[in-house]
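# Structure at a glance
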Amino acid sequence: MNRNTRTALFAALLVCGMTGMAFASVPLYRIFCEATGFGGTPIRVTGDAPGAVSATAIGIRFDANIEPTLPWKFEPEQARIRIEPGARTTIAYFAKNLTGRTTTGQAVFNVTPEQAGKYFSKIECFCFTEQTLKAGEEARMPVVFFVDPKLRTDPTTRDIDEITLSYTFYPVETASAAS
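The structure contained in this document is the topic of the report that follows. Remember, it's a predicted structure, so these values are computed and weren't measured experimentally. (Residues numbered from 1 in each chain as written. Predicted model: local features only at pLDDT ≥ 70, side-chain atom pairs only at ≥ 80, totals over all residues. Heavy atoms only, no water.)

## Re the pairing of strand S9 (residues 138–147)
For clarity, the cut-off: Relative accessibility thresholds used throughout: buried, under 20% of the residue-type maximum; exposed, over 50%; partly exposed, between the two (1.4 Å probe, protein chains only). We count a stretch as a helix when DSSP gives it H or I for four or more residues in a row; a strand needs E for two or more, and each element gets its number in order from the N terminus. Pairing between two strands requires that DSSP report at least two bridges joining them.
Counting buried positions along S9 gives seven out of ten residues, so the element sits mostly inside the fold. Bridging between strand S5 (residues 89–97) and S9 involves eight bridges; their strand directions are antiparallel. Of the residues in S9, the one forming a bridge with Thr90 is Val144.

## Comments concerning a nonpolar patch on the surface
Just so we agree on the cut-off: Here a patch means residues that are over 30% exposed by relative accessible area and free of salt bridges, tied together within 9 Å if like-charged and within 5 Å if nonpolar (Val, Leu, Ile, Met, Phe, Trp, Tyr). In these tables, accessible area is a Shrake-Rupley quantity obtained with a 1.4 Å probe, and a residue counts as shielded only by the protein chains included in the view. Think of a salt bridge as a Lys or Arg side-chain nitrogen and an Asp or Glu carboxyl oxygen that are within 4 Å of each other.
A contiguous nonpolar surface patch, about 350 Å² in accessible area, is contributed by Met1, Leu9 and Leu13. In this structure Leu13 comes out as exposed when scored by relative accessible area, which is 56%.

## Description of the packing of aromatic side chains
Rules: Within 6.5 Å between ring centres, the rings of Phe, Tyr and Trp (the latter by its six-membered ring) count as paired, and their orientation is classed by plane angle as stacked under 30 degrees, edge-to-face over 60, tilted in between.
Within the structure shown, the criterion is met by twelve aromatic pairs. Here the aromatic rings of Phe62 and Phe145 are separated by 6.3 Å at their centres, their planes lie at 65°, and the arrangement is edge-to-face. Taken together, the positions of Phe62 in strand S2 (residues 58–66) and Phe145 in strand S9 put the pair 83 residues apart, joining distant regions of the chain. Accessibility expressed as a relative area gives 5% for Phe62, which makes it buried. Aromatic side chains Phe120 and Phe145 sit 4.9 Å apart centroid to centroid with 15° between the ring planes, which places their arrangement in the stacked category. Residue Phe120 is located in strand S7 (residues 120–125), and its partner Phe145 is located in strand S9; the two are separated by 25 residues in the primary sequence. Taken individually, Phe120 and Phe145 each receive the classification buried, so the pair is uniform in this respect. What links up through ring pairs into an aromatic cluster is the set Phe62, Trp72, Phe74, Tyr93, Phe109, Phe120, Phe126, Phe145, Tyr167 and Phe169.

## Let's talk about the side chain of Arg152
Keep this limit in mind: Under the rule applied, a polar contact is a pair of N or O atoms within 3.5 Å (in protein, one hydrogen donor and one hydrogen acceptor; residues adjacent in sequence only if both atoms are side-chain atoms).
Its place among the elements puts Arg152 in the loop between S9 and strand S10 (162–171). A polar side-chain atom of Arg152 sits 3.3 Å from the main-chain carbonyl oxygen of Thr56. A distance of 3.2 Å separates the side chain of Arg152 from the backbone oxygen of Ala57, its partner in a polar contact.

These values are about where atoms sit, not about what they do.
So this is what it looks like as structure tokens:
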């Protein structure tokens, strides 16, 4: 194989590799953030909460947003609560489709301050799947979570007194909506 052929083959492999990485980067980044809590991404757990510990309670604030093209009303059941670290907690958000047609949305979520993300664990959440509401339909959407007690022993998070759990709903184009 001559030098020009090797160079062309290397360049083609490089282009293919870069294209593959471009398509894989978003899912890989999402997996990384969900596994590590990076960037304030809460951790999704399959087990249960460890149980409340006698530590200083922490405030949890709930935030709700909607992308303007999704015709829904979306709000938390309550704006704030105080919980003991480790305690399994259930709260809910409410959504209502304000139109005369079926619409589907998907929520993205985050917590602030960002360094608390790795200690905020969600057991169950409406954000794990798409949500479809029929014309005028209302839905109560529960979230089951706990704050890991290790939050109070980490030097970067032990002074945090309040965590904000924020959701933003975006419209999802479904096959039935597109036709």
